[in-house]
Amino acid sequence: MLENVNGIVKVNQNSRYVVFLFDSYEMDRKMLQDKFVKGETTWYTDAKGTGDDGKAFYRIAQDGEWIEAEYVDFIQMDK
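Residues numbered from 1 in each chain as written. Predicted model: local features only at pLDDT ≥ 70, side-chain atom pairs only at ≥ 80, totals over all residues. Heavy atoms only, no water.

**Focus: the overall build of the protein chain**
Working step 1: Counting its secondary structure elements, the protein chain contains zero helices and seven strands.
Working step 2: Taken from N to C terminus, the helices and strands of the protein chain fall in the order β-β-β-β-β-β-β.
Working step 3: Counting only C-alpha atoms and orienting by the principal axes, one finds that the protein chain spans roughly 35 × 30 × 20 Å.
Working step 4: At a minimum sequence separation of 6, the contacts of the protein chain that also span at least 24 residues come to 60%.
Working step 5: For the protein chain, the computed accessible surface area is about 5100 Å², with 48% contributed by carbon and sulfur atoms. (Helix = DSSP H or I, 4+ residues; strand = E, 2+ residues; numbered from the N terminus. Contact = heavy atoms within 4.5 Å. Areas by Shrake-Rupley, 256 points an atom, 1.4 Å probe, with all protein chains shown as cover.)

**Focus: the pattern of salt bridges**
Pairing is possible between side chains of opposite charge, provided their charged atoms come close.
Working step 1: Counting across every chain of the model gives four salt bridges.
Working step 2: Its salt-bridge partner being Arg59, residue Asp46 comes within 3.0 Å of it at the nearest N-O pair. In this pair, Asp46 is assigned in strand β4 (residues 42-50) and Arg59 in strand β5 (residues 56-61), connecting sequence segments 13 residues apart.
Working step 3: Note that Lys55 and Glu68 form a salt bridge whose closest N and O atoms lie 3.2 Å from each other. Residue Lys55 is found in the loop between β4 and β5, and its partner Glu68 is found in strand β6 (residues 65-68); the two are separated by 13 residues along the sequence.
Working step 4: Of the residues examined, Lys55 reaches a relative accessible area of 38% and is grouped as partly exposed. (Salt bridge = Lys/Arg side-chain N within 4 Å of Asp/Glu carboxyl O. Buried < 20%, exposed > 50% of the residue type's maximum accessible area, 1.4 Å probe, protein only.)

**Observations regarding the environment of Val11**
Working step 1: Within the secondary structure layout, Val11 lies in strand β1 (residues 2-11).
Working step 2: Expressed as a C-alpha distance, the spacing of Val11 and Phe74, which sit 63 residues apart in the sequence, is 9.1 Å.
Working step 3: With sequence-adjacent residues up to four places away left out, Val11 is seen in contact with Val19, Val37, Lys38, Gly39, Glu40, Thr41, Trp43, Ile67, Tyr71 and Val72.

**Describing unusual backbone geometry**
Working step 1: Positioned with a positive phi, Glu40 is a non-glycine residue whose angle comes to about 65°.
Working step 2: Among the secondary structure elements, Glu40 is positioned in the loop between β3 (31-38) and β4.

**Things to note about the pairing of β1**
Working step 1: Two strands pair when backbone bridges link them, and β1 and β4 are joined in this way by seven bridges, in the antiparallel orientation. Each bridged residue has a counterpart across the sheet, and for Ile8 the counterpart in β4 is Tyr44.
Working step 2: Both β1 and strand β7 (residues 72-76) contribute to a ladder of five bridges, which runs antiparallel. Paired with Ile8 across the strands is Ile75, a residue of β7. (Pairing = 2+ DSSP bridges.)

Everything listed is a geometric property; what it means functionally is a separate question.
Printed below as a string of structure tokens:
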């Protein structure tokens, strides 16, 4: 399920760590081995996707890079 959101996500991991990104939120998603974000960074998001396996992801790049919701805190922005 894909829903539109308007907010930012803050990576809830320590700045010494990185969180890898995925190419999709769907169950056949692939981890992007060369794409990651550092802990404690913030990113704009416009979409939240939940795969059939129940895992939720936020899109943080226009070219379709997704971060697992488990590793971020979502902050709603006013429209």
